[in-house]
Amino acid sequence: MGVAELTRNAVHVLPEGALEAKLALGRPLRVKLGIDVTSPDIHVGRGIPLQRMRAFQDEGHTGVLIVGDYTTRIGDPSGRSSERPILSEEEIDRNAASYFEQALQILIPERTEVRRNSEWLAGLTFADIIQLTRMMTVAQMLERDDFAGRYAGGQPISVSELLYPLMQAYDSVAVEADVELGGTDQLYNLLAGRDVMQAYGLEPQVVLTTPLLVSWDGEKMSSSVGNNIPLTASPEEQFGRTMRISDDLLEEWYRLVVEAPVPAGDPLEAKLALARFIVTRSHGDAAARAAEDHFTRVVREGRAPSDVPEHSLPDGDPIHLPSLLASAFGMSTSEARRLLAQGGVRVEGAVTSELDVPRAALAGRVLQAGKRRFVRLVG
């Protein structure tokens, strides 16, 4: 495969020549990637460094996936203009439990070592932590763009945030990493890992960063923002969200996610192929075909999906439509009235704005609210 494939799409490979020297050792390298469990899902953007880990695994190296259950309790300040909210212990444990399964959509199980950094960080004494803090100065910390901006703007920076890069660096010491992967927003933390490893008498790791994936809203993909495509999302949700990206993002998404050129021809067909790729990776070929059929029927053609759920009609005749919409789709009656007034309600494909509809005109028919919500009325 060679270095070129291992470093495909890399923004930084530091220091120059270090990866080649590591590979020349002739042994399986330990390639580390740390993921904090701030959300229950790994998304497509977070999958990009996992793809680089997979490339190393394909060459016989070991992927060391660090589930940051302990560092999540501090909160990674990278790229943040304010302190990150801290999750509860229960949320952290629940999120951490599913990460390995999600990562295996991309990684090779038998070449993946999964570790929680609470294994070593929870056991550090206060003296150990003080010793660790001596390896970096406050001036070095404040060189970070995120810290520098907040400091200059008079925004608070907690001491715990200053400790975060040291804790992440200690992960590299604990697992004796040869290479650490991460997004470009992690460059400072990854370089700190080199300094701390050297201070502990270990050969410093190679740093390899990958770009951050830009989502359909023009911002980097983020679970907290909601512009993400989780690897655990349903096939229909993954397909639909992928189709939201603009044509001008296709080249970047193909380069980073598919790792191939954009197919020549119609951008819509290229986008459909991209959505099929993402769904197939998570759910398989059959699910991708079904998701595309669902997207074509519901979104492109405005028809009801093939598997419309049933909803029982209430007693009485006529039926008060706002109340029926509220019970069928979990909306308020005021929202239902607005949707009716805007022409957003259909019965068997025909727009209706009536508040009271004869029972016979509804029984056995498909009720549609907006573009993508359907039920078949029975009773």
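Every value quoted in this text rests on a predicted model; they were computed, and no experiment measured them. (Residues numbered from 1 in each chain as written. Predicted model: local features only at pLDDT ≥ 70, side-chain atom pairs only at ≥ 80, totals over all residues. Heavy atoms only, no water.)

Participant: Residue-level account of the pattern of salt bridges, with values.
Facilitator: Opposite charge on two side chains makes pairing possible when the charged atoms of those side chains draw close. Per the stated rule, a full pass over the model turns up 15 salt bridges. As a salt-bridge pair, Arg241 and Glu237 come within 2.7 Å of each other at their nearest N and O atoms. Of this pair, Arg241 and Glu237 both sit in helix H11 (residues 235-242), 4 residues apart, which is roughly one turn of that helix. Between Asp247 and Lys271 there is a salt bridge; the shortest N-O distance is 3.1 Å. Taken together, the residues span a long stretch of sequence, with Asp247 in the loop between H11 and helix H12 (250-258) and Lys271 in helix H13 (residues 267-283) at a distance of 24 residues. The exposure class assigned to Lys271 is buried, which follows from its relative accessible area of 9%. Here the salt bridges do not stand alone but share partners, grouping Glu5, Arg8, Arg52 and Glu259 into one network. (Salt bridge = Lys/Arg side-chain N within 4 Å of Asp/Glu carboxyl O. Helix = DSSP H or I, 4+ residues; strand = E, 2+ residues; numbered from the N terminus. Buried < 20%, exposed > 50% of the residue type's maximum accessible area, 1.4 Å probe, protein only.)

Participant: Any details on the nonpolar core? Residues and values, ideally.
Facilitator: One finds Val44, Leu50, Phe56, Val179, Leu181, Leu213 and Trp253 to be the most contacted residues of the largest nonpolar core, which totals 42 residues. Beyond its immediate chain neighbours, meaning those up to four positions away, Phe56 contacts Leu6, Leu19, Val31, His61, Val179, Leu181 and Leu208. In terms of nonpolar packing, the next biggest core, distinct from the first, is built from 20 residues, Phe147, Leu166, Met167 and Val196 among them. (Core = buried A, V, L, I, M, F, W, Y, C linked by side-chain atoms within 4.5 Å. Contact = heavy atoms within 4.5 Å.)

Participant: Which residues make up the sheet that holds strand E5 (residues 179-183), and what are the values?
Facilitator: With mixed pairing, the 6 strands of this open sheet are ordered in space as E1-E6-E5-E2-E3-E4. In this open sheet, the two strands that pair with only one neighbour each are strand E1 (12-14) and strand E4 (112-116). In this sheet, adjacent strand axes meet at a mean angle of 20° when their direction is disregarded. As defined by bridge partners, strand E2 (residues 30-36) adjoins strand E3 (residues 62-68) across 7 bridges and the pair is classed as parallel. The residue of E3 that forms the bridge with Ile35 is Val67. Contacts between helix H3 (residues 47-58) and the sheet are confined to E2, E3, E4, E5 and strand E6 (206-210), with E2 contributing the most and set at about 160° to the helix. Seen against the sheet, helix H4 (residues 89-103) touches E2, E3 and E4 and runs at an angle of roughly 175° to E4. (Pairing = 2+ DSSP bridges. Axes fitted to C-alpha atoms, helices over the stretch in contact; angles between N-to-C directions.)

Participant: Give a detailed account of the environment of His12, specifying residues and quantitative values.
Facilitator: Within the secondary structure, His12 sits in strand E1. If sequence neighbours within four positions are ignored, His12 has contacts with Thr184, Leu187, Val207, Leu208 and Thr209. A distance of 2.7 Å separates polar atoms of two side chains, one belonging to His12 and the other to Thr209. (Polar contact = N/O pair within 3.5 Å; in protein donor to acceptor, adjacent residues only side chain to side chain.)

Participant: Give a description of helix H14 (residues 285-300) that names residues and reports values.
Facilitator: Between its first and last C-alpha atoms H14 spans 21 Å; for 16 residues at 1.5 Å apiece the expected length is 22 Å, and the two agree. Buried within H14 are the following residues: Ala287, Ala288, Ala291, Glu292, Phe295, Arg297 and Val298. Next to the buried residues of H14 lie H11, H13 and strand E13 (373-378). (Expected span 1.5 Å × (residues − 1).)

Participant: Explain the side chain of Gln57 to me, and be specific about the residues and the numbers.
Facilitator: Positionally, Gln57 belongs in helix H3. On the accessibility criterion, Gln57 (0% relative accessible area) is buried. Ignoring sequence-local partners within four residues, the contact set of Gln57 consists of Gly63, Leu107, Ile108, Arg111 and Thr112.

Participant: Quick rundown of helix H10 (residues 187-199)? Include the residues and the values.
Facilitator: The end-to-end C-alpha separation of H10 is 19 Å, in line with the 18 Å expected for 13 residues at 1.5 Å each. All of the buried residues along H10 are Leu187, Asn189, Leu190, Ala192, Gly193, Val196 and Met197. Check the buried side of H10 and you find it contacts E1, helix H6 (126-133), helix H9 (159-175), E5 and E6. Once H10 finishes, Gly201 follows within two positions and takes phi at roughly 80°, a positive value.

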